[in-house]
Amino acid sequence: MSRSGTLGGQPGPQRAADRAPTPTEPARAYAELAAGNRRFVSGAPRHPNQDAGHRAAVADGQHPFAVIVGCSDSRLAAEIIFDRGLGDLFVVRTAGHTAGPEVLGSVEYAVTVLGTPLVVVLGHDSCGAVQAAREAAATGVAPPGHLPAVVDAVLPSLRRATAEGVDDVDGIVDIHIAQTVETLLGQSPVLADEVAQGRCAVVGMSYRLAAGVVRAVTPAPAGAATFDAPGASDDPAASAAA
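Nothing here was measured: the structure is a model prediction, and the numbers come from that model. (Residues numbered from 1 in each chain as written. Predicted model: local features only at pLDDT ≥ 70, side-chain atom pairs only at ≥ 80, totals over all residues. Heavy atoms only, no water.)

Within the chain one finds 9 helices and 5 strands. Along the chain, helices and strands appear, N-terminal first, in the series α-α-β-α-β-α-β-α-α-α-α-β-β-α. Expressed as a percentage of its 242 residues, the buried residues of the chain come to 46%. Sequence-distant contacts, at least 24 apart, represent 69% of the contacts inside the chain between residues at least 6 apart. For the chain, the exposed surface amounts to about 11,100 Å²; the carbon and sulfur share of it is 55%. (Helix = DSSP H or I, 4+ residues; strand = E, 2+ residues; numbered from the N terminus. Buried < 20%, exposed > 50% of the residue type's maximum accessible area, 1.4 Å probe, protein only. Contact = heavy atoms within 4.5 Å. Areas by Shrake-Rupley, 256 points an atom, 1.4 Å probe, with all protein chains shown as cover.)

A separate point is helix α1 (residues 26-42). Taking 1.5 Å per residue, 17 residues should reach 24 Å; α1 reaches 25 Å between its end C-alpha atoms and fits that length. Within α1, 13 of the 17 residues are buried, which leaves it mostly tucked inside the rest of the structure. Backbone geometry just after α1 places G43 at a positive phi near 80 degrees. (Expected span 1.5 Å × (residues − 1).)

Turning our attention to the sheet that holds strand β1 (residues 66-71). Reading across from one edge, β2-β1-β3-β4-β5 is the order of the 5 strands in this open sheet, with mixed pairing throughout. Two strands close off the open sheet at either side, each with one partner strand: β2 (89-94) and β5 (214-216). Going from strand to strand, the sheet's axes swing by 25 degrees on average, the running direction of each strand aside. Two elements, strand β3 (residues 118-124) and strand β4 (residues 201-207), share 7 bridges in a ladder whose sense is parallel. Counterpart to V119 in the pairing with β4 is V202. Its contacts with the sheet put helix α7 (residues 169-187) on β1, β3, β4 and β5, and the angle it makes with β4 is roughly 160 degrees. (Pairing = 2+ DSSP bridges. Axes fitted to C-alpha atoms, helices over the stretch in contact; angles between N-to-C directions.)

And the structure:
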């Protein structure tokens, strides 16, 4: 994949011939995300697929290589932290990455209709939804409006954390990420079947707000390198083959 601008600068024109093929296998998609996050963290983003030519190319159809089921936190912009562009990521965001019917349907659409090979549950440290659920559980006072729906979705993760002796917020966040992965697979037979057939993988990741680093919370897809492997190459092909 060619550089579309100077390191850390604004994206420039990108020739169609320079664009890498869209990943169609879970391990390759995972490697693309890992490479993009390393570029973002190092301050050397390529801003792929953000030029006018690509905008026109994807106007008639989309083929995203990853679904990001992420928290709505304003600092968790998937295309930025994974250094991707138009048509690359199918993003579904709710507070605390809670997974109700609309989220499940959106994920199923991306996987079964668009053929997306990877689903990522993306949480982050110091998650406000987790902290709100902890406060509600501790005080017995429900938050106003529709916020109890978010709290109720996080409570099973809190109970699981208590059972496992985990008390710190970020440890609970990891458990909540893993719990959301299990929820997606447990409540969507359609998604579970795609995973069983090897056409898709569902993984959990956590983003560190200050450092910008994404790390794996659940196992990588079969054949994929560890997401945050020290000294890993930013070449997706090399990462996928590791």
